[in-house]
Amino acid sequence: MSGIDNSGTFKLGNRVVKRLGYGAMQLAGPGVFGPPKDHQAALTVLREAVASGVNHIDTADFYGPHVTNQIIREALAPYRDDLVIVTKIGARRGEDGSWIPAFSPEELTQAVHDNLRNLGVDVLDAVNLRAMFDVQGPAEGSIEAPLTVLAELQQKGLVRHIGLSNVTPAQIAEGRRICEIVCVQNHYNLAHRTDDVLIDDLARQGTAYVPFFPIGGFSPLQSDTLNSVAARLNTTPMAVALAWLLQRSPNILLIPGTSSLAHLRENLTAAALTLSENELRELDGIAS
Ligand SMILES: NC(=O)c1ccc[n+]([C@@H]2O[C@H](COP(=O)([O-])OP(=O)(O)OC[C@H]3O[C@@H](n4cnc5c(N)ncnc54)[C@H](OP(=O)(O)O)[C@@H]3O)[C@@H](O)[C@H]2O)c1
């Protein structure tokens, strides 16, 4: 076993993916709006990710909007059989780049068709319904109506698997009464551990948990503890932060985002990193 294969695998519905994947959001322009600064570099990052063994890519048609999916298609189509592309719906972008809820049946249906067209596929591997009651974090509110629309699109054969994003445990339970939920994508990392209990519950149920902002998102993690553990292991703080997530629970799938080839290579080294009990305890102290 070599490279990212060391991260192991987990199932996303009836597909199996390596636990170290790639998040495509950083491939759009500044503020996830408009085209990237360097189109060729974006293609190169995606191609290198897949050449390195990544077979799970996270995206959304509202990144750009449309830009990220179009870059994925240009870089990677025709897609490898083992590649699983997970997208999300539930938002649209204002002309100023703002993130606006888009939950009407027409908007949700349009979003699925936009993803199909821009990714260039007949069926979407997996679609997360992204809750928008509070854009910044999970907030209660019924997801029954929009999830029913998505489940109907699944029954029509346009979507293989359904997941939820930015949701509470009550919304996951509500979702499961409507359709199978194969993954949950919420904000979680070494320093932001609101979902600790949820992750363990989902692990017991065999459901994937996919943390977004795994290394801190728009402001990458900064911590003396992280720096000192990384220095001791002769690696980088971001690799340690990702390795900690891999060891945190077997149902965690990573989708670190980057527009940089150097950062991609650095992030993929996390798969081969093993943290000792002492290091894990030290890193656990960051959140407390
Ligand atoms: N469901 C949701 O609501 C939601 C929300 C946000 C994101 N997501 C998904 O989650 C994925 C991951 O989230 P994210 O990209 O926002 O956050 P992230 O992976 O935590 O961090 C990305 C940021 O860290 C930088 N970075 C990446 N690798 C680095 C390294 N080795 N050293 C230093 N800086 C590094 C990136 O800049 P460079 O480009 O310069 O490397 C970027 O600014 C996204 O791609 C997206 O697919 C989902």
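This text follows the structure it describes.
No experiment lies behind these values; they were computed from the predicted model shown. (Residues numbered from 1 in each chain as written. Predicted model: local features only at pLDDT ≥ 70, side-chain atom pairs only at ≥ 80, totals over all residues. Heavy atoms only, no water.)

Quick notes on the pairing of strand β5 (residues 84–89)
Part 1 of the reasoning: The buried fraction of β5 is high, at six of six residues.
Part 2 of the reasoning: Residue alternation in β5 divides its side chains into two sets, Val84, Val86 and Lys88 and Ile85, Thr87 and Ile89, and both sets are buried.
Part 3 of the reasoning: Pairing between strand β4 (residues 56–58) and β5: three bridges, direction parallel. Within the sheet, the bridge partner assigned to Ile57 lies in β5 and is Ile85.
Part 4 of the reasoning: Relative to strand β8 (residues 124–130), β5 runs parallel, the two being bridged by four bridges. Residue pairing in the sheet places Ile89 in a bridge with Leu129 of β8. (Buried < 20%, exposed > 50% of the residue type's maximum accessible area, 1.4 Å probe, protein only. Helix = DSSP H or I, 4+ residues; strand = E, 2+ residues; numbered from the N terminus. Pairing = 2+ DSSP bridges.)

Looking at the site of the ligand
Part 1 of the reasoning: Near the ligand there are 26 residues, and of these Asp58, Ser165, Thr258, Ser259 and His263 occur at the shortest range.
Part 2 of the reasoning: Note that an oxygen atom of the ligand is positioned 3.4 Å from one of the backbone N or O atoms of Ala24.
Part 3 of the reasoning: Here an oxygen atom of the ligand and a side-chain polar atom of Asp58 are 2.6 Å apart.
Part 4 of the reasoning: Taking 900 Å² as the accessible area of the ligand by itself, protein coverage stands at 88%.
Part 5 of the reasoning: The element that contributes the greatest number of residues to the shell around the ligand is helix α9 (residues 261–268), accounting for three residues.
Part 6 of the reasoning: Split by residue class, the shell around the ligand holds 11 nonpolar, 11 polar and four charged. (Near = heavy atom within 4 Å. Polar contact = N/O pair within 3.5 Å; in protein donor to acceptor, adjacent residues only side chain to side chain. Areas by Shrake-Rupley, 256 points an atom, 1.4 Å probe, with all protein chains shown as cover. Nonpolar A, V, L, I, M, F, W, Y, C, P; charged D, E, K, R; others polar.)

Here's the deal with unusual backbone geometry
Part 1 of the reasoning: Here the amide bond leading from Gly64 into Pro65 is cis, since omega sits at -15°, within 30 degrees of zero.
Part 2 of the reasoning: Looking at the element boundaries, Pro65 is found in the loop between β4 and α2 (67–76).
Part 3 of the reasoning: Omega for the peptide link from Ala77 to Pro78 comes to -5°, which places this bond in the cis form.
Part 4 of the reasoning: Here Pro78 shows up in the loop between α2 and β5.
Part 5 of the reasoning: A positive phi angle, close to 55°, is found at Val32, a residue other than glycine.
Part 6 of the reasoning: Turning to its location among the elements, Val32 is positioned in the loop between β3 (22–23) and α1 (39–51).
Part 7 of the reasoning: Overall, Val32 belongs to the buried group, its relative accessible area being 3%.

Purely geometric numbers; function is a separate question.
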